[in-house]
Amino acid sequence: MPTATDFKDYYTILGVSKTATPEEIKRAYRKLARKYHPDLNPGDKDAEAKFKDLNEANEVLSDPEKRPKYDRFGEHWNQPAYSEGPPSRGTNSGTVDFDQYGDFDSFIKDLLGRSRNGSQRRTNTTSGFDDYGGGFRSQAPAPDSEAAIALTFSEAFHGVQKRLQFDDETINVRIPAGAKPGSRIRLKGKGRASPFSQQRGDLYLTIEILAHSCFRFDGDDLVCDVPIRPDEAVLGAEISVPTPDGSVTMKVPQGVRSGQSLRLRGKGWTLQKGGRGDLLAKLLIVTPKDLSAIEQECYEKIQANTNFNPRAQLEEIKL
């Protein structure tokens, strides 16, 4: 059982208040995970330890079932006896309303008190479990564990071998190409051990992908914002567009509008089912701030001679 010096305040680790919303917790975790990611701090043991604590804190506080337990029972929230539930008084059902105890320490004191007052150990020949009065099982199935692992876009796209520090063990895990945010990987027998049977459960890793300066996800596709000039939007052009494989040339048709997306098939994310998703190039018309004399003259001529009014449909609108 953790001691007072072992207790980790997950809210302090993430730098959020106890009333923080799930969105605030998520933002805080992503910001700090980028700062302390081992790939950005090679050889820095303090950053590695901080990154481990961040993953542990995020795993608990982002889970709608774990967080209330942590808020109520502190360092005792994940003790096996909590998940089993305390023995009920005068029954053999093995189930009880845990709300009768104010906190985990009250439950422990009550349990130990009844054990000292003559409860007799007996073996359940059906299950093979040892029972102590009230049907309390002294053995429990090995618990599964969860952890988060943060990857760069490049690592997730290509696949990567990572070293994960889980509790006091270093685990090597192969992340296949095409992992996406929220993907889960099961590591059989790598979870925490049951304190009774010493058998280990499974470890489930949830993938977090650090933000990229250009690419973002839209389902199975990638999206990239691509700036273009006003003349390129009006007249059309051939422009260079970034993809995960490097730049490619894309044709922009005449008369595109700002915010319009052009699809590059097979140039997006690696799909775990095979093949590639698409890349959506979102066109953003950017106007120049500093004009040369000839540019100024040309734009003035266009302005003086055009009949195009993009706001014509707004002129009759009123409430």
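Coordinates for the structure precede this section.
As the structure is a prediction and not an experimental result, all values here were calculated from the model. (Residues numbered from 1 in each chain as written. Predicted model: local features only at pLDDT ≥ 70, side-chain atom pairs only at ≥ 80, totals over all residues. Heavy atoms only, no water.)

**Student:** Got a minute to help me understand the sheet that holds strand β10 (residues 221–228) in this structure?
**Tutor:** Within a sheet, neighbouring strands are paired by backbone hydrogen bonds and run either parallel or antiparallel to one another. Strand order in the open sheet made by the four strands is β9-β10-β14-β13, with mixed pairing throughout. Among the strands making up the open sheet, the edge pair consists of β9 (215–218) and β13 (261–264). When the angles between neighbouring strand axes are averaged without regard to direction, this sheet yields 35°. Pairing between β13 and strand β14 (residues 279–285): four bridges, direction antiparallel. (Pairing = 2+ DSSP bridges. Helix = DSSP H or I, 4+ residues; strand = E, 2+ residues; numbered from the N terminus. Axes fitted to C-alpha atoms, helices over the stretch in contact; angles between N-to-C directions.)

**Student:** Hey, could you run me through a nonpolar patch on the surface in this one?
**Tutor:** Taken together, L291, Y299 and I302 make up a surface patch of nonpolar side chains, about 260 Å² in accessible area. Counting through the fold element by element, Y299 comes out in helix α9 (residues 293–305). (Patch = residues over 30% accessible without salt bridge, like charges linked within 9 Å, V, L, I, M, F, W, Y side chains within 5 Å. Areas by Shrake-Rupley, 256 points an atom, 1.4 Å probe, with all protein chains shown as cover. Salt bridge = Lys/Arg side-chain N within 4 Å of Asp/Glu carboxyl O.)

**Student:** What am I meant to see in the packing of aromatic side chains here?
**Tutor:** Taken as a whole and assessed by the stated rule, the structure comprises six aromatic pairs. Pairing Y11 with Y70 gives two aromatic rings, centres 6.1 Å apart and planes at 45°, and the pair type is tilted. Of this pair, Y11 sits in helix α1 (residues 10–14) while Y70 is found in helix α4 (residues 66–73), placing the two residues 59 residues apart along the sequence. The two residues Y11 and Y70 agree in class, both being buried. When the centroid spacing of 5.7 Å and the interplanar angle of 80° are considered together, the rings of F153 and W269 count as edge-to-face. Pair noted here: F153 is in helix α7 (residues 153–158) and W269 is in the loop between β13 and β14, with a separation of 116 residues, a long-range link. (Phe/Tyr/Trp six-rings, centres within 6.5 Å; stacked < 30°, edge-to-face > 60°. Buried < 20%, exposed > 50% of the residue type's maximum accessible area, 1.4 Å probe, protein only.)

**Student:** What is the right way to look at the pattern of salt bridges in this model?
**Tutor:** Between side chains of opposite charge, pairing is possible as soon as their charged atoms come close. Per the counting criterion, the structure on display carries 21 salt bridges. For E146, the salt bridge is made with R184, and the minimal N-O distance between the two is 3.7 Å. With a gap of 38 residues between them, E146 in strand β4 (residues 145–151) and R184 in strand β7 (residues 184–187) connect regions that are remote in the sequence. With a shortest N-O distance of 3.3 Å, R229 and E232 are connected by a salt bridge. On the basis of relative accessible area, R229 is assigned to the partly exposed category, the value being 45%.

**Student:** What am I meant to see in the layout of surface pockets here?
**Tutor:** Approximately 990 Å³ is the volume attributed to the second largest pocket. Every residue lining the second largest pocket is counted, 25 residues in all, and those nearest its centre are P230, D231, V234, Y299 and I302. At the level of elements, α8 (230–235) and α9 are the ones that each hand at least two residues to the lining of the second largest pocket. Grouping the amino acids of the lining of the second largest pocket by side-chain chemistry returns 15 nonpolar, four polar and six charged. (1 Å grid on protein atoms, 1.4 Å probe; cavity = no way out; pocket = protein on both sides within 12 Å on 5 of 7 lines; lining within 4 Å. Points joined across faces, edges and corners; volume = space filled by probe spheres on them. Nonpolar A, V, L, I, M, F, W, Y, C, P; charged D, E, K, R; others polar.)

**Student:** What exactly am I supposed to notice about the packing of helix α3 (residues 45–61) against α4 here?
**Tutor:** Any two packed helices are characterised by the angle at which their axes cross and by the distance between the axes. Interaxial distance between α3 and α4 falls to 6 Å at its minimum, and their mutual angle equals 105°. By the criterion of interaxial angle, the relationship of α3 to α4 is roughly perpendicular. Residue-level inspection shows E59, V60 and L61 of α3 in contact with α4, the latter providing K66, R67 and Y70. The residue makeup of the contact of α3 with α4, split by class, is three nonpolar, no polar and three charged. (Parallel < 35°, antiparallel > 145°, perpendicular 65-115°, else oblique. Contact = heavy atoms within 4.5 Å.)

**Student:** Help me out: how do you make sense of the nonpolar core in this one?
**Tutor:** Among soluble globular proteins, nonpolar side chains are generally buried collectively. Membership of the largest hydrophobic core comes to 37 residues, with the highest contact counts inside it found for L205 and M250. Each of domain 2 (145–209) and domain 3 (215–305) contributes no fewer than three residues to this core. If near-sequence neighbours (up to four positions away) are discounted, M250 is found in contact with A237, E238, I239, V241, L262, L264, A281 and L283. Residues I25, L61, A148 and A150 belong to the second largest nonpolar core, which totals 22 residues. (Core = buried A, V, L, I, M, F, W, Y, C linked by side-chain atoms within 4.5 Å. Domains from an automatic or database assignment.)

**Student:** Looking at this structure, I do not really get α4. What am I missing?
**Tutor:** In an α-helix there are 3.6 residues to a turn, and that puts residues three or four apart on one side. Of all the residues in α4, the buried ones are K66, R67, Y70 and F73. Taken around the axis of α4, the buried residues stretch over an arc of 155°, which confines them to a single face. Positive backbone phi, approximately 55°, marks G74, located one or two places after α4. (Arc of directions from axis to C-beta.)

**Student:** So what exactly am I meant to see when it comes to the sheet that holds β7 here?
**Tutor:** Reading across from one edge, β4-β8-β7 is the order of the three strands in this open sheet, with mixed pairing throughout. At either margin of the open sheet sits one strand with a lone partner, and together these are β4 and β7. If you compare each strand with its neighbour and ignore which way they point, the axes differ by 30° on average. Bridge analysis of β7 against strand β8 (residues 203–209) gives four bridges, and the strand direction is antiparallel. Within β8, the residue paired with L187 across the bridge is L203.

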